[in-house]
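So the chains spell out like this:
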Amino acid sequence: MIALNIGCGNHKIEFEGYDTKSVDIRPEVQPDVVADLNALPFEKNSIDLIYSSHVLEHVGRTELYQVFRHWRSLLTENGRLITIIPDLTVAAIELLSGTTNPSTWDILFGAQNYKENFHKSGFTAPALQAFLEKYGFKVISIICANREIHCEAIKCGEFNDKY
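The notes below deal with the structure included here. (Residues numbered from 1 in each chain as written. Predicted model: local features only at pLDDT ≥ 70, side-chain atom pairs only at ≥ 80, totals over all residues. Heavy atoms only, no water.)

Per the stated rule, a full pass over the model turns up 5 salt bridges. A salt bridge links D19 to K21, with the shortest nitrogen-to-oxygen separation between them at 3.4 Å. By relative accessible area, which is 27% here, K21 ends up partly exposed. Residue K115 pairs with E116 through a salt bridge whose shortest N-O separation is 3.9 Å. (Salt bridge = Lys/Arg side-chain N within 4 Å of Asp/Glu carboxyl O. Buried < 20%, exposed > 50% of the residue type's maximum accessible area, 1.4 Å probe, protein only.)

See the structure below:
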């Protein structure tokens, strides 16, 4: 079984029972594969698990459909998607209550400490679930904790990508 750790940065994670490939657009972090997350060099229906931690917020909201369509095409039937993203609800509460801190701005705009570390989109838990379900995933779990949304979903059924 094959797993991808997309946007791995300096966090090389191994998933037990999987041949895990680290993927990043930045060669300096020495991933197994240097590639854009929308052009991953793997065969369709060949990946059993896609893991992305703090990646999707770096994708423009008009590009998200293309990314999910591509990732979905790589996953085997019932393949798993695990994603962790900043929780916009936390930032919204802090903004509205006047309790912002540097982490609030990181949630909204990214740390901005290298070229790719700017946020272009964001989600609340309900918005992420609706988005995934619209694009052919069944959400198994979604948990908000530590200023993040942790979501696990599976590829399921037919998907009409004529949106």
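Moving on: the side chain of H119. Inspection of the secondary structure puts H119 in the loop between α3 (102–109) and α4 (125–134). A distance of 3.2 Å separates a polar side-chain atom of H119 from the backbone oxygen of D106. The contact partners of H119, leaving out residues within four places of it in the chain, are E57, H58, P86, D106, I107, L108, F109 and G110. (Helix = DSSP H or I, 4+ residues; strand = E, 2+ residues; numbered from the N terminus. Polar contact = N/O pair within 3.5 Å; in protein donor to acceptor, adjacent residues only side chain to side chain. Contact = heavy atoms within 4.5 Å.)

Let us now look at the environment of R72. Among the structural elements, R72 can be located in helix α1 (residues 64–74). Remark: the alpha-carbon pair of R72 and S121, spanning 49 residues in sequence, is separated by 20 Å.

This part is about the sheet that holds strand β6 (residues 137–145). Strand order in this open sheet of 7 strands is β3-β2-β1-β4-β5-β7-β6, and the pairing throughout is mixed. Only two strands of the sheet have a single neighbouring strand rather than two, namely β3 (33–34) and β6. In terms of strand pairing, strand β2 (residues 19–24) meets β3 through 2 bridges, oriented parallel. Within β3, the position partnered with V23 by the bridge is V33. Against the sheet, α4 touches β5 (75–86), β6 and β7 (148–155), its axis set at about 165 degrees to β6. (Pairing = 2+ DSSP bridges. Axes fitted to C-alpha atoms, helices over the stretch in contact; angles between N-to-C directions.)

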